[in-house]
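Listed below, chain by chain, are the residues.
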Amino acid sequence: MTTTMPNPARKEVIALPPYGAGQTLEQATARNLHPNMINLSVNENPLGPSPAALNAFKTQLHTASCYPDSQCTELSECLSAKLNVAKAQIVLGNGSEDVLSMLCKAFLSQGDKVLVAKPTFALHGIYANMMGAKVLEVPMQSDLSYRIDDWLDAIACHPDLKMLMLANPSNPVGCTFDANNLQRLIDACPLNTIIVIDEAYCEYAQGHKQFTDSLALLQTQPRPYAVLRTFSKAYGLAGLRVGYGVMANAQLADYLHRVRTPYNVNRLAQLAAIAVLQDPSYLADTVTQTNREREKLSAALTELGYFVAPSLANFLFIDVKQPSTHVAYSLLQQGIMIKPWLESGFDHFVRVTVGLPEQNLRVLEAFKQL
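From a predicted model like this one, the values you see are computed outputs, not experimental measurements.

Enquirer: What am I meant to see in the overall build of the protein chain here?
Expert: If you tally the helices and strands in the protein chain, you get 15 helices and 13 strands. Taken over the C-alpha atoms alone, the protein chain extends approximately 70 × 55 × 55 Å along its principal axes. Looking at the protein chain as a whole, 55% of its 370 residues qualify as buried. If you take every contact in the protein chain between residues at least 6 apart in sequence, the share linking residues at least 24 apart comes to 73%. Accessible area for the protein chain stands at about 16500 Å²; split by element, carbon and sulfur atoms hold 54% of it. Between the centroid of the 29 positive side chains of the protein chain and the centroid of its 32 negative side chains there is a distance of 3 Å.

Enquirer: Which parts of the structure should I look at to understand the sheet that holds strand E2 (residues 90-93)?
Expert: The strands making up a sheet associate through backbone hydrogen bonding, with each pair oriented either parallel or antiparallel. Pairing is mixed in the open sheet, where seven strands are placed in the order E2-E8-E7-E6-E5-E3-E4. The open sheet is flanked by E2 and strand E4 (134-139), the only strands paired with a single partner. Between one strand axis and the next, the sheet turns through 20° on average, direction left out of account. The pairing of strand E3 (residues 113-118) with strand E5 (residues 163-167) spans two bridges and is parallel. Residue pairing across strands places Leu 115 opposite Leu 164, the latter belonging to E5.

Enquirer: Just checking my understanding: could you explain the UniProt feature "modified residue: N6-(pyridoxal phosphate)lysine" (unreviewed entry) in the protein chain for this structure?
Expert: Those residues carrying the UniProt feature "modified residue: N6-(pyridoxal phosphate)lysine" (unreviewed entry) are Lys 233 in this numbering. Relative to the assigned elements, Lys 233 resides in the loop between strand E7 (225-230) and strand E8 (243-247). Judged by its relative accessible area of 15%, Lys 233 falls in the buried class. With near-sequence residues (within four places) excluded, Lys 233 lies in contact with Val 42, Asn 43, Asn 45, Ala 200, Tyr 201 and Tyr 204. At a separation of 3.3 Å, a polar atom in the side chain of Lys 233 contacts the main-chain carbonyl oxygen of Val 42.

Enquirer: Before we go on, may I ask you to explain helix H11 (residues 250-259) in this structure?
Expert: Each α-helix winds once per 3.6 residues, and so residues spaced three or four apart point in a common direction. Every buried residue belonging to H11 is among Leu 252, Ala 253 and Leu 256, and all of these are buried. Within H11, the buried residues cover an arc of 100° as seen down the axis, which keeps them to one side. Contacts from the buried residues of H11 go to E2, helix H5 (96-107), E7 and E8. For H11, the N-terminal cap is Asn 249; the gap from its side-chain oxygen to the backbone nitrogen of Gln 251 is 3.2 Å.

What counts, and at which threshold
- By convention here, each chain's residues receive numbers from 1 onward along its written sequence.
- Under the rules for a predicted model, residues below a pLDDT of 70 receive no local features and side-chain atom pairs below 80 are neither given nor counted, while totals for whole chains, interfaces and linings still include all residues.
- In computing side-chain values, all of the structure's heavy atoms are included and hydrogens and water are not.
- Under the DSSP-based scheme used, a helix requires at least four consecutive residues in state H or I and a strand at least two consecutive residues in state E, with every element numbered from the N terminus.
- Relative accessibility decides the category of a residue: with a 1.4 Å probe and only protein chains considered, values under 20% of the type maximum give buried, values over 50% give exposed, and everything between is partly exposed.
- Whether two residues are in contact is decided by their heavy atoms, any of which lying within 4.5 Å being enough.
- What sets the accessible areas is the Shrake-Rupley method with a 1.4 Å probe; for residues, cover comes only from the shown protein chains.
- For the purpose of counting charges, residues Lys and Arg are taken to be positive, whereas Asp and Glu are taken to be negative. His and the chain ends are not included.
- Taken as the charge centre is NZ of Lys, CZ of Arg, CG of Asp or CD of Glu, depending on the residue.
- Whether two strands pair comes down to DSSP finding at least two bridges between them.
- Helix axes are fitted only over the stretch in contact, all axes being lines through C-alpha atoms; the angle between N-to-C directions runs from 0 to 180 degrees.
- UniProt positions are given in the numbering used here, feature names are shortened, and annotations may be inferred rather than shown by experiment.
- Counted as a polar contact is a pair of N or O atoms within 3.5 Å, where, for protein atoms, one must be capable of donating a hydrogen and the other of accepting one, and residues adjacent in sequence contribute only when both atoms are in side chains.
- In this description, one arc is meant: the one made by directions from the helix axis to the C-beta atoms.

What follows is the structure in structure tokens.
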């Protein structure tokens, strides 16, 4: 006899959608869909890892049997010197989304209000909902840019706003707030609102007139904040999973340490991250080539008649005017993995990582045939 047992999971967990991580290149290749498969779905660095990081990884592989430094001391010191912040403000994670999860676990409770963009990185909403928070969305304009007045109106309607999450540059769009509007956004938040700026793609945007370093603005005001960054994109270490957050002060950082797992950044990831920080030419080459190729591909797709959202990241958000899953499947048959966007209202968009020149030419030819 079978009995129906009540579901033991929290109701918030039952309601969560799974995160759509997609296939790896190896998984897609194993399906024998195409002899020359390329993965432009997850915004990896197509140049591969820095030689310095690769060497650090190889020379220390024999230490894999030892636990890592739970405090990530040396890496934190390197980041402290680079960013001119106190080491105690830095929290390392298994990717920056690990730090995002810590923020939600440490600070969000049932019913807390969290403001996010629409569309945005799915985990902004998923992790907040996991804690029972109420997620409020601010839609982008029709040209897929942030509209400051919409954000100011939303903040004004919620004086009890607990947390604001903003990807800058946006994922999946690539747009940013400039210095003036980001300052207005910060100033509009209640003094106890936790401001979380997700800068996973900031390296590609730095130096552009439309982008400003949020850390510099946040350091001059009294609200609690966290700036999230990663080694997965421009630094080419996606497979090693290491990201970090810069907190407003050591107390905020301490709360995150209380909810993180003790050895959340593995030993080899720490060593590789330290090495790539000491290889500035690798980062410069990555950004220069990626930004050049992004503009070429965007212009070519626009000439074909597609709407391509202006981007300062290493990807393009493209309106394909048909179900995004159809287009992703079509390109997959041609050996090109892209990300169909499934979010309501944007399921006719795809996100395409900017690859190597020859990969981008394949993308362009595929879009010509759609």
